[in-house]
Amino acid sequence: MKKQYPTFDIFHLVTNKISNDMLNADRFRGYLINNPTIQNIHKHSFYHLVYFTSGKGRHVIDFKSYPIEPGCIYFMSPGQVHNWEFESDVDGYVVNFSATFFDKLFLSSSAVDQFPFFNVFSNEQMMKIKDDMRSEVVKIFEALLNELNNNTYQTPMMIAAELLRLFVIASRELGPVPVLSRTSYNSILLKQFFDLIQDNFKDMRLPKDYAALLYITSNHLNFLCKDQLNMSAGEIIRSRVLLEAKRMLVNYELSVANIAMELNFFDTSYFIKFFKKYTQLTPEAFRKQYYSKP
């Protein structure tokens, strides 16, 4: 049994490429054949999206399970942990692009942030494209592959345009525009809160500390979170800590004590109690779900 899940950089994968550190894409069947280890639990350092045209199975993203069916599209951000479980032959398309892909084209990478499915707190990382839009989505992926194969003048820019078109189509499939993509003052504050959590969750656990960085009161911050997400600010911070703990626990090379220390818990027993309180499992019991075979 291999006890450490791999973290793939974009240049580790065998696909069509623009460059080793910017973007690659392929048909999923070929991608799976050329990269057989992707079925096991692993992590990416880049954005990852997959669209299925055939096949059945299950896709687990950050320990949440989603179905694999024709028409399903999945969006993942750097750092997320996932694995595939296929019940039949699958095919479709896959695109991987670096966190700096848009920046290198003199487009802001913040363009990606406005789409809810790339938010680590989102529940919308998988959606099923409606029947009448599937041919349009396939055309976009085929256009991406043709650009990669031809690699002519301004190919990266054309691919960026096709990706943004795909993201807009997918976001429209979600229905009404989610609150976090609006430009209201409160939504901007909430987005800044999420960014601060990403940078500081290991060291800062109290809503009042984040509120101070946002120059608002903790009551205001809590109201924003309750109003727009039906979660308290403390719950959002805690969910990010728990997610990181789960990501680290599936790496057997890290002891529970090391994880507790990395996440700035004052002792291992407190970390174990914290984890069990909110997951109903001890850290070791959670870990064994992913490494139950000898």
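One can find the structure itself at the top, above this paragraph.
Just so you know, these numbers come straight off a predicted model, no measurement behind them.

Chemist: So what about the pairing of strand 9 (residues 81-86)? Which residues, and what values?
Modeler: Sheet analysis places strand 4 (residues 42-44) next to strand 9, joined by 2 bridges and oriented antiparallel. Note that in strand 9 the partner of His 42 across the bridge is His 82. Two strands pair when backbone bridges link them, and strand 6 (residues 57-61) and strand 9 are joined in this way by 5 bridges, in the antiparallel orientation. Paired with His 59 across the bridge in strand 9 is Trp 84.

Chemist: How would you explain the packing of helix 6 (residues 185-200) against helix 8 (residues 218-229) if you had to name every residue and give the values?
Modeler: At a closest axis distance of 10 Å, the pairing of helix 6 and helix 8 adopts a crossing angle of 100°. Taken together, the axes of helix 6 and helix 8 lie roughly perpendicular to each other. Here Tyr 185, Asn 186, Ser 187, Leu 189, Leu 190, Phe 193 and Phe 194 of helix 6 come into contact with helix 8, specifically with His 220, Leu 221, Leu 224, Cys 225, Gln 228 and Leu 229.

Chemist: Quick rundown of the pattern of salt bridges? Include the residues and the values.
Modeler: Under the defined criterion, the tally for this structure stands at 13 salt bridges. Notably, a salt bridge pairs Arg 247 with Glu 244, separated by 3.7 Å at the nearest N-O pair. Residue Arg 247 and its partner Glu 244 are located together in helix 9 (residues 233-249), separated by 3 residues, close to a single helical turn. Pair check on accessibility: Arg 247 and Glu 244 agree, each one buried. Each member of the salt-bridge network shares a partner with another, and the members are Asp 62, Arg 240, Glu 244 and Arg 247.

Analysis parameters
- Residues numbered from 1 in each chain as written.
- Predicted model: local features only at pLDDT ≥ 70, side-chain atom pairs only at ≥ 80, totals over all residues.
- Heavy atoms only, no water.
- Pairing = 2+ DSSP bridges.
- Helix = DSSP H or I, 4+ residues; strand = E, 2+ residues; numbered from the N terminus.
- Axes fitted to C-alpha atoms, helices over the stretch in contact; angles between N-to-C directions.
- Parallel < 35°, antiparallel > 145°, perpendicular 65-115°, else oblique.
- Contact = heavy atoms within 4.5 Å.
- Salt bridge = Lys/Arg side-chain N within 4 Å of Asp/Glu carboxyl O.
- Buried < 20%, exposed > 50% of the residue type's maximum accessible area, 1.4 Å probe, protein only.

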